[in-house]
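Geometric and topological summary
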Amino acid sequence: MTAPSIRFNPEVDIAAAAAAYRRDGWVQIDDILEAGTAEYLADMLETRIDWDLAFHGEDDQPVVLGREQILALGDAALQQRLRDMMTRAGAGYGFLYQTYPLITAYLTQRDQGHPVHTLTEFLNGAFVRLGAAVTGRRDIIKADGQLTRYRPGDFIGLHNDVGSEASDRLVAYTLGLTRTWRADWGGQLLFHDAAGDVIRGHAPRWNALTLFRVPQDHSVAPVAAYAQGPRLSVVGWLRNAGR
């Protein structure tokens, strides 16, 4: 079956969003997608994705394990690695969540015929053009991305998004597809100042796009043990051509 077209909400005020981004270095745009598109993507994340597990590895590099790798490793060994990661996170940096790597899946032809690949093409077409228009960055030419699913206890520690890849991370984005969320369920995208105070926070929000300039210190608060559903989003960076 052919995947439906992914469309922005034509009522979005791009000029107002661009003015806010120029002023503040970030902007959140509510109702960014047409209602039908948001429903379609949320349903896909809720029911049609074979999620990998991502966490911060022993060598300070990301670890991404698929279903077969998790089974081969065994639960006891996996839980020990996660406990070790939590110990390292307490003294440095760490993260834990479920992921689907959009660009890698597209390039390696993982899940051929899956409608998720239409999203990847959208990100590197209309989405890049909107991102360039809102941020004023004419050097934005591509987007990477991943789907993310945060369960109780999942989190990302304090970081600033500066990377070491050939292309530069110019602007970070989060496209929220969480239908219902309560403030005390955690999972907020938090921004921090040099004193360690939270200067801004965004709760997981339905059909909202957040763009922010890189670098900025931020984290994702752990999801509460009693949260009644996952935190779902599409995240990544808008990039230049690189070196």
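Structure report, in brief.

Analysis parameters
- Residues numbered from 1 in each chain as written.
- Predicted model: local features only at pLDDT ≥ 70, side-chain atom pairs only at ≥ 80, totals over all residues.
- Heavy atoms only, no water.
- Buried < 20%, exposed > 50% of the residue type's maximum accessible area, 1.4 Å probe, protein only.
- Helix = DSSP H or I, 4+ residues; strand = E, 2+ residues; numbered from the N terminus.
- Arc of directions from axis to C-beta.
- Contact = heavy atoms within 4.5 Å.
- Pairing = 2+ DSSP bridges.
- 1 Å grid on protein atoms, 1.4 Å probe; cavity = no way out; pocket = protein on both sides within 12 Å on 5 of 7 lines; lining within 4 Å.
- Points joined across faces, edges and corners; volume = space filled by probe spheres on them.
- Nonpolar A, V, L, I, M, F, W, Y, C, P; charged D, E, K, R; others polar.

A closer look at helix 1 (residues 14-24)
Residues of helix 1 that are buried include every one of Ala17, Ala18, Ala20 and Tyr21, and no others. Taken around the axis of helix 1, the buried residues stretch over an arc of 160 degrees, which confines them to a single face. Exposed residues pointing more than 90 degrees away from the buried face of helix 1 are listed as Ala15, Arg22 and Arg23. Lining the buried residues of helix 1 we find strand 1 (26-30), helix 6 (116-135), strand 8 (169-177) and strand 11 (206-213).

Considering the pairing of strand 9 (residues 189-192)
On strand 9, burial covers both faces: Leu189 and Phe191 on one face and Leu190 and His192 on the other are all buried. Sheet topology note: the strand 9/strand 10 (residues 198-202) ladder contains four bridges and is antiparallel. In the strand pairing of strand 10, His192 is matched with Val198. In this structure, the hairpin formed by strand 9 and strand 10 is closed by a connection of five residues, where Gly196 is found at a positive phi of approximately 95 degrees. Here strand 9 runs beside strand 12 (residues 218-220); their pairing, made up of three bridges, is antiparallel. Within strand 12, the position partnered with Leu189 by the bridge is Val220.

A look at the layout of surface pockets
One number sums up the size of the largest pocket: a volume of about 1,200 Å³. Along the walls of the largest pocket sit 41 residues, with Pro62, Tyr97, Gln146, Arg169 and Trp237 positioned nearest its centre. Ranked by the residues each element gives to the lining of the largest pocket, the list is headed by strand 13 (residues 231-239), at six residues. Looking at the lining of the largest pocket residue by residue, the classes come out as 19 nonpolar, 15 polar and seven charged.

Some details on the pairing of strand 11
Judged by how many residues are buried, strand 11 sits mostly within the fold: six of eight residues are covered. Looking at chain direction, strand 1 and strand 11 are connected through five bridges and run antiparallel. Residue pairing in the sheet places Val27 in a bridge with Leu211 of strand 11. Examined bridge by bridge, strand 8 and strand 11 share seven bridges and lie antiparallel to one another. What sits directly across from Val171, in strand 11, is Arg213.

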